[in-house]
Amino acid sequence: EALAREWGLDWHCVGDAAGRPDDARLLALLDRYKTDYVVLARYMRLLPPSVCWAYAGGRILNLHPGLLPPVPGADPYR
């Protein structure tokens, strides 16, 4: 959030304090900003089919190295 403010960018928290994502809000924000591509960096959640289908055809890039769901967590290689 601080980095976004420093650069004058919008910032949105998409989820609750317990870390549960709000997938409907995510899609609403992506639509609001007319997003062409989605890059996930450390998202560490499974995307529901609704998000995947909305950006199908190579428009989602997941940078997280995790092997979800069999190997969840921040250190999947251990």
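Provided above is the structure to which this section pertains.
Residues numbered from 1 in each chain as written. Predicted model: local features only at pLDDT ≥ 70, side-chain atom pairs only at ≥ 80, totals over all residues. Heavy atoms only, no water.

Draft legend 1. Region of the structure containing the overall build of the protein. A tally of helices and strands in the protein yields 3 helices and 2 strands. Ordered by position from N to C terminus, the α and β elements of the protein give α-α-β-α-β. Residue burial in the protein is summarised as follows: out of 78 residues, 18% are buried. Of the roughly 6200 Å² of accessible surface on the protein, 58% is carried by carbon and sulfur atoms. (Helix = DSSP H or I, 4+ residues; strand = E, 2+ residues; numbered from the N terminus. Buried < 20%, exposed > 50% of the residue type's maximum accessible area, 1.4 Å probe, protein only. Areas by Shrake-Rupley, 256 points an atom, 1.4 Å probe, with all protein chains shown as cover.)

Draft legend 2. Examining the pattern of salt bridges more closely. With the rule as written, the count across this model stands at 2 salt bridges. In this structure, the salt-bridge partner of Glu1 is Arg5, at a minimum N-O distance of 2.5 Å. Among the residues examined, Glu1 registers a relative accessible area of 44% and is labelled partly exposed. The partner of Arg20 in a salt bridge is Asp16, and the shortest N-O contact between them spans 2.9 Å. Under the relative-accessibility criterion, Arg20 is labelled exposed at 53%. (Salt bridge = Lys/Arg side-chain N within 4 Å of Asp/Glu carboxyl O.)

Draft legend 3. Expanded view of the layout of surface pockets. One number sums up the size of the largest pocket: a volume of about 580 Å³. Residue lining of the largest pocket: 19 residues in total, with His12, Val14, Leu26, Leu30 and Val39 positioned closest to the centre. Listing elements by their share of the lining of the largest pocket, those giving two or more residues are helix H2 (23–32) and strand E1 (38–40). Split by residue class, the lining of the largest pocket holds 15 nonpolar, 2 polar and 2 charged. (1 Å grid on protein atoms, 1.4 Å probe; cavity = no way out; pocket = protein on both sides within 12 Å on 5 of 7 lines; lining within 4 Å. Points joined across faces, edges and corners; volume = space filled by probe spheres on them. Nonpolar A, V, L, I, M, F, W, Y, C, P; charged D, E, K, R; others polar.)

Draft legend 4. Up close: the nonpolar core. Counting 8 residues, the largest nonpolar core consists of Leu26, Leu27, Leu30, Val38, Leu40, Leu47, Val51 and Tyr55. Sorting the residues of this core by element identifies H2 and E1 as the ones contributing at least two each. (Core = buried A, V, L, I, M, F, W, Y, C linked by side-chain atoms within 4.5 Å.)

Draft legend 5. Summary view of unusual backbone geometry. Phi at Lys34 is positive, roughly 50°, even though this residue is not glycine. By secondary structure assignment, the location of Lys34 is in the loop between H2 and E1. We classify Lys34 as exposed; its relative accessible area is 69%.

Draft legend 6. Quick look at the environment of Arg45. When you line up the elements, Arg45 lands in the loop between E1 and helix H3 (49–54). C-alpha separation for the pair Arg45 and Arg20, spaced 25 residues apart in sequence, amounts to 8.8 Å.

Draft legend 7. Inspection of H2 at higher detail. Of all the residues in H2, the buried ones are Leu26, Leu27, Leu29 and Leu30. Summarising the axial view, the buried residues of H2 lie within an arc of 160°, below the 170-degree limit, and thus occupy one face. Exposed side of H2, more than 90 degrees from the buried face: Ala24, Asp31 and Arg32 are the residues found there. Buried residues belonging to H2 abut E1 and H3. (Arc of directions from axis to C-beta. Contact = heavy atoms within 4.5 Å.)

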